[in-house]
Structure formats: C-alpha cells, structure tokens
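Now for the letters of each chain:
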Amino acid sequence: MFNSNKINKKNITSAILVIFIIYFMFYFLFGRYGFIEHSKIQREIVVQSKELENIENSNTKLSNNINSLKSHSLDKDLLDEQVRRNLGYVDKDEVVIYYK
C-alpha cells in the first residue's frame, strides 16, 4: 500500500509537470508575445520599411522639383515641362505625347 501511494504521487507530479510544459510551450508559440506573433510583427516591419523608403524617395524627388522651380535656381526645362503638363500649353506647330 505504501508503494502504490508513492507511485501515485510520482504520476501526479509528472502529470502536473507535463501540463505546465504544455502550457508554457503553447504560450511560447501562440501567446500575445509568442513566437508566431513576433514573426508577424517582423514581416510587418519589413513591409512598412519598404513603404517608408518609397515615400522618402518620392518626397526627395518632389523636393528636388520644388527646389528646381525656385527663382534663384530656376531650371527652364523643368518649368517648361510643368507648364505644358499642368496647364496644357503648347505652340501651334507642336504635337505633345505624354507617357508614364
């Protein structure tokens, strides 16, 4: 009788230990700060970084265009291009073809 009581305590202790291990493994994988959530956040960081880089490149191009149109460093070709594109001005003997 004493021997079976000892076995039951071992089984209960082992069962509790297994339950804790399963719980912590589940939390490690699927928890709020788990491995899967961390992977999702890392992928989102990569996507957002690429989008930020695209926006910064676009911003740099626009900034360069703005600086080129200022009176102290006027680029006449850029000014002519912007007038033609935005205002639709062309000479009578010209044909304008736009492409993207």
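Since the model is a prediction, treat every value here as computed from it, not as a measurement. (Residues numbered from 1 in each chain as written. Predicted model: local features only at pLDDT ≥ 70, side-chain atom pairs only at ≥ 80, totals over all residues. Heavy atoms only, no water.)

Asks: Quick question: what am I supposed to make of the overall build of the protein chain here?
Replies: Tallying secondary structure elements over the protein chain gives 3 helices and 0 strands in all. Scanning the protein chain from its N terminus toward the C terminus, one meets helices and strands in the order α-α-α. For 100 residues, the compact-globule estimate of 2.2 N^0.38 gives 13 Å, and the protein chain exceeds it by more than 25% at 34 Å. Here the C-alpha coordinates of the protein chain stretch approximately 110 × 30 × 15 Å along the principal axes. Burial status across the protein chain gives 4% buried among its 100 residues. Taking the average place of the 14 positive charges on the side chains of the protein chain and the average place of its 12 negative ones, the gap between the two points comes to 22 Å. (Helix = DSSP H or I, 4+ residues; strand = E, 2+ residues; numbered from the N terminus. Rg over C-alpha atoms; globule rule 2.2 N^0.38 Å. Buried < 20%, exposed > 50% of the residue type's maximum accessible area, 1.4 Å probe, protein only. Lys, Arg positive; Asp, Glu negative; His and termini not counted. Charge placed at Lys NZ, Arg CZ, Asp CG, Glu CD.)

Asks: Would you mind going over the pattern of salt bridges with me for this structure?
Replies: When the charged atoms of two side chains with opposite charge come close together, those side chains can pair. Here the structure, examined in full by the defined rule, presents 1 salt bridge. Linking Arg85 and Glu81 is a salt bridge whose minimum nitrogen-to-oxygen distance equals 3.3 Å. Here Arg85 pairs with Glu81, and both are found in helix H3 (residues 76–87), just 4 residues apart, close to one helical turn. Since its relative accessible area comes to 43%, Arg85 is described here as partly exposed. Overall, Glu81 belongs to the partly exposed group, its relative accessible area being 37%. (Salt bridge = Lys/Arg side-chain N within 4 Å of Asp/Glu carboxyl O.)

Asks: Help me understand H3, please; the structure alone is not making it clear to me.
Replies: Helical geometry: 3.6 residues make up each α-helical turn, so side chains three or four residues apart lie on a common side. Its 12 residues give H3 an end-to-end C-alpha distance of 16 Å, which sits within 8% of 16 Å, the value for a rise of 1.5 Å per residue. Of the residues trailing H3, Gly88 is marked for its positive phi of about 80°. (Expected span 1.5 Å × (residues − 1).)

Asks: Explain a nonpolar patch on the surface to me, please; I cannot follow it from the model alone.
Replies: A surface patch of nonpolar side chains, about 830 Å² in accessible area, is lined by Ile12, Ile16, Phe20, Tyr23, Phe24, Tyr27 and Tyr33. By the element assignment, Tyr27 lies in helix H1 (residues 2–30). You can call Tyr27 partly exposed: its relative accessible area is 41%. (Patch = residues over 30% accessible without salt bridge, like charges linked within 9 Å, V, L, I, M, F, W, Y side chains within 5 Å. Areas by Shrake-Rupley, 256 points an atom, 1.4 Å probe, with all protein chains shown as cover.)

Asks: Got a minute to help me understand the packing of aromatic side chains in this structure?
Replies: Aromatic ring pairs: the centre-centre distance and the angle between the two ring planes describe each pair. Taken as a whole and judged by the stated rule, the model has 5 aromatic pairs. Between Tyr23 and Tyr27, the ring centres sit 6.5 Å apart and the planes meet at 20°, which makes this aromatic pair stacked. Here Tyr27 and Tyr23 lie together in helix H1, a separation of 4 residues that amounts to about one turn. Take Tyr23: its relative accessible area is 48%, and that puts it in the partly exposed class. (Phe/Tyr/Trp six-rings, centres within 6.5 Å; stacked < 30°, edge-to-face > 60°.)

Asks: Sorry, what's going on with the packing of helix H2 (residues 35–69) against H3 here?
Replies: The description of two helices packed together rests on the angle between their axes and the distance between the axes. Here H2 crosses H3 at 105°, and the two axes come no closer than 9 Å. With respect to H3, the element H2 is oriented roughly perpendicular. Along the contact surface, H2 presents Asn65, Ser68 and Leu69, while H3 presents Leu78, Leu79 and Gln82. For the contact of H2 with H3, a count of residues per class yields 3 nonpolar, 3 polar and no charged. (Axes fitted to C-alpha atoms, helices over the stretch in contact; angles between N-to-C directions. Parallel < 35°, antiparallel > 145°, perpendicular 65-115°, else oblique. Contact = heavy atoms within 4.5 Å. Nonpolar A, V, L, I, M, F, W, Y, C, P; charged D, E, K, R; others polar.)

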